[in-house]
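# Chains, contacts and geometry: an overview
Letter by letter, the chains look like this.
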Amino acid sequence: MKTEQSEWRTSTKKNTRHLGYWAAAWVVSMAVASFGHIYFWKDNTVLTILFIAINTAIGVGMILMNRKYNNNLDEMQRKVSMDAMAVALGVGIVGGLSYSLLDQANVIAFHADISHLVMLIGLTYIIAIFVGTNRYK
Amino acid sequence: MKNKIKVLRAEHNMTQAELAIKVQVSRQTINAIEKGKFDPSLPLAFKISRLFKLPIESIFFDR
């Protein structure tokens, strides 16, 4: 019993750390895939495809790690996380499509970039986690 | 849902952190359950009832 209890705590910490590693690796591989062809291998299509494939593979690993991380949370933490993901997904879809429509109708002066949508989803998730955690304090 | 976990903890001289470790959840979850802000699942309620050696209905009850 005692071992099981400490195992849960250890695996929670380990999963958090591993999710951080996967996220960091994905961000680095994204940077390499985005800027590598500009600064390092000048229009070598094979290398560009290779690094995009690596980035995608690391992304899949990160998704699986995130799933494992969520499954290992306790039931209240999982509820907070799931609520935050639902809000982030909803805001991402609704906000992203509205943003796209504004761009198509030439209402906004700049081009609607996918990175803006990623930032919106990320910020929404962080705020929703903060609000959810405070709700149960 | 109301409960008397805080009272039982006090009777067993147990902190929220100690109870959390015993039932494999975070201390924040125990705190939220005690305050009635979060209703535990049936498996978690069973774990708590087994720990205090009491039936579930004598620990958790409707408002």
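Each chain carries its own residue numbering, running from 1 in the written order of its sequence. Here chains are named by letter from A upward and ligands by number from 1 upward, in the order in which they appear as written. For a predicted model such as this one, the threshold for reporting local features is a pLDDT of at least 70, and the threshold for listing and counting side-chain atom pairs is 80 or more; totals across whole chains, interfaces and linings nevertheless cover every residue. The side-chain quantities take in all heavy atoms of the structure and omit both hydrogens and water.

Looking at an unreviewed UniProt entry, one finds chain B named Helix-turn-helix transcriptional regulator, with Aequorivita vitellina as its source organism.

The name given to chain A in an unreviewed UniProt entry is DUF2178 domain-containing protein, and the organism recorded there is Aequorivita vitellina.

Let us now look at the interface of chain A and chain B. Interface size is commonly expressed as the accessible surface area that is lost when the partners come together. Any two residues having at least one pair of non-hydrogen atoms within 4.5 Å are treated as being in contact. Listed by partner, the interface residues are 13 residues for chain A and 16 residues for chain B. The term buried area refers to how much accessible surface (probe radius 1.4 Å) is lost by two components on association, counted for both of them together. Note on chain A versus chain B: buried area summed over both sides is about 1300 Å², and carbon and sulfur give 55% of it. For this analysis, a salt bridge means a side-chain nitrogen from Lys or Arg found within 4 Å of a carboxyl oxygen belonging to Asp or Glu. The interface formed by chain A and chain B contains zero salt bridges. Under this definition, polar contacts are N or O atom pairs within 3.5 Å; protein pairs additionally need one hydrogen-donor-capable and one acceptor-capable atom, and for neighbouring residues in sequence, both atoms have to be side-chain atoms. Summed over the shared surface of chain A and chain B, the result is four residue pairs in polar contact (both at pLDDT 80 or more). Mapped by element, the contributors of at least two residues to the side of chain A that touches chain B are α1 (2-39) and α3 (75-104) of chain A. Residue classes in the side of chain A that touches chain B are distributed as four nonpolar, two polar and seven charged. Think of it this way: any DSSP run of H or I at least four residues long counts as a helix, any run of E at least two long counts as a strand, and we number them from the N terminus. Throughout, the ten residues Ala, Val, Leu, Ile, Met, Phe, Trp, Tyr, Cys and Pro are labelled nonpolar, Asp, Glu, Lys and Arg are labelled charged, and all others, Gly among them, are labelled polar.

With that settled, consider the layout of surface pockets. Residues and elements named next belong to chain A. Cavity and pocket criteria rest on a 1 Å grid covering protein atoms alone: a 1.4 Å probe that fits but cannot get out defines a cavity, protein on both sides within 12 Å along at least 5 of 7 lines defines an open pocket, and an atom within 4 Å of a point defines a lining residue. Grid points are joined across faces, edges and corners, and a volume is the space filled by probe spheres set on the points. Roughly 840 Å³ of internal volume is contained in the largest pocket. Along the wall of the largest pocket there are 19 residues; nearest its centre are Met 62, Asn 66, Ile 121, Gly 122 and Tyr 125. Contributions of two or more residues to the lining of the largest pocket are made by α1, α2 (45-72), α3 and α4 (114-135). When residues in the lining of the largest pocket are grouped by element, the largest group, six residues, is from α2. For the lining of the largest pocket, a count of residues per class yields 14 nonpolar, four polar and one charged.

Looking now at the UniProt feature "transmembrane region" (unreviewed entry) in chain A. Residue and element names in this part refer to chain A. UniProt positions are given in the numbering used here, feature names are shortened, and annotations may be inferred rather than shown by experiment. Per the UniProt entry, the sites bearing "transmembrane region" (unreviewed entry) are residues 21-40, 46-64, 84-102 and 114-133 in this numbering. Taken end to end, residues 84-102 is 100% helix and 0% strand, and its first and last C-alpha atoms sit 26 Å apart. In residues 114-133, the share of helix is 100% and the share of strand is 0%. The end C-alpha atoms are 29 Å apart.

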